[in-house]
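Examination of the molecular architecture
Listed below, chain by chain, are the residues.
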Amino acid sequence: MEQNILDQLSHCPLFADMSPIEIEIALSDAKWSTVHYDAHDIYALAHMPYRHVDIILSGTLICRMSSLSGKQVEVSRLHGGNIIAPAFVFSKNDNLPVGVETGTPVTVFRMRKPEFEQLLRDNWQLSMNFIRVLSNINAFLTKRLKVLSLYTVREKVAWLLLERAGEQGSNIIRLFRSRQEIADSFGIQKFSLLRVLADFQKEGAIKINGREITILDRQKMK
């Protein structure tokens, strides 16, 4: 196996606590391939069955959900190291609820489901890592449901900014979605989002420069 593939797989939570040599040994008897997509390609349409297991080696995938009226909302972005739709690998209903397209050129590491199942049977560490991936998804969705159903608009915006700061490891954060896309993802009006951001800035909690936002005082965001 090429060293660059091993290096990229080492960033995937499926192979957590495994060295490149251990990853190579675990995959030595497995059948796999790499698949490349150009930028703005369709990876999957909503409600298509998920027939294989893909791990992103490089690039970005954008997941969007459509309403009955045809309006699309970006729900997540997947990057190198992410397993695509792990919760649907062994689901009885494996139809993806979102449409997925490439934001940049993307290369994925692909295995057929039977091959992946055998891989988990043969390696205890991989099995535990996959269970942990699914558990983390469940924890994330539970937290997300709480934010969407119980938080006020102000609390939702504060949660978003603090989450991005944690992900980016800095109080200076970059928002990769438009204000409208962010508002849609929370089910709120764009005006409400802009008003809260303006209030935070007026109160000295943040400083706004386009899509770059600097968190100045976290306590003032409560």
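Everything here concerns the structure above.
Keep in mind that what you see is a predicted model, and the values were worked out from it rather than measured. (Residues numbered from 1 in each chain as written. Predicted model: local features only at pLDDT ≥ 70, side-chain atom pairs only at ≥ 80, totals over all residues. Heavy atoms only, no water.)

Things to note about the overall build of the protein chain
- Assigned secondary structure in the protein chain consists of seven helices and ten strands.
- C-alpha extents for the protein chain along the principal axes are approximately 60 × 40 × 30 Å.
- Counting the 222 residues in the protein chain, one finds 40% classified as buried.
- Across the protein chain, every contact between residues at least 6 apart in sequence was considered, and the portion connecting residues at least 24 apart equals 68%.
- Counting every atom, the protein chain has about 12600 Å² of accessible surface; 54% of that belongs to carbon and sulfur. (Helix = DSSP H or I, 4+ residues; strand = E, 2+ residues; numbered from the N terminus. Buried < 20%, exposed > 50% of the residue type's maximum accessible area, 1.4 Å probe, protein only. Contact = heavy atoms within 4.5 Å. Areas by Shrake-Rupley, 256 points an atom, 1.4 Å probe, with all protein chains shown as cover.)

A short note on the pairing of strand β4 (residues 61-66)
- Relative to strand β5 (residues 72-78), β4 runs antiparallel, the two sharing six bridges. Residue pairing for β5: Ser66 is matched across the bridge by Gln72.
- In this sheet, strand β6 (residues 99-102) lies alongside β4 in antiparallel orientation, the contact comprising four bridges. Its bridge partner being in β6, Ile62 is matched across the sheet by Glu101. (Pairing = 2+ DSSP bridges.)

Focus: the sheet that holds strand β8 (residues 172-174)
- Pairing within the open sheet is antiparallel, and its three strands lie in the order β8-β10-β9. A strand with exactly one partner marks an edge of an open sheet, and here the two such strands are β8 and β9 (206-209). The sheet shows a mean angle of 20° between the axes of neighbouring strands, direction not considered.
- Note: β8 against strand β10 (residues 212-215), three bridges, orientation antiparallel. Within the sheet, the bridge partner assigned to Arg174 lies in β10 and is Glu212. (Axes fitted to C-alpha atoms, helices over the stretch in contact; angles between N-to-C directions.)

Comments concerning unusual backbone geometry
- A positive phi angle is found at Asp17, which is not glycine, with a value near 65°.
- Tracing the backbone through its elements, the reader meets Asp17 in the loop between α1 (3-9) and α2 (20-26).
- Look at Asp17 and you get exposed, because its relative accessible area is 70%.
- Backbone geometry at His47 places phi at a positive 75°, although glycine is not the residue there.
- Residue His47 is classed as exposed on the basis of its relative accessible area of 60%.

So, helix α5 (residues 153-168)
- For α5, built from 16 residues, the straight-helix expectation of 22 Å at 1.5 Å per residue is met to within 8% by its first-to-last C-alpha distance of 23 Å.
- The set of residues buried in α5 consists of Lys156, Val157, Ala158, Trp159, Leu160, Leu161, Arg164 and Ala165.
- Against α4 (124-150), β8, α6 (179-186), α7 (190-202), β9 and β10 lie the buried residues of α5. (Expected span 1.5 Å × (residues − 1).)

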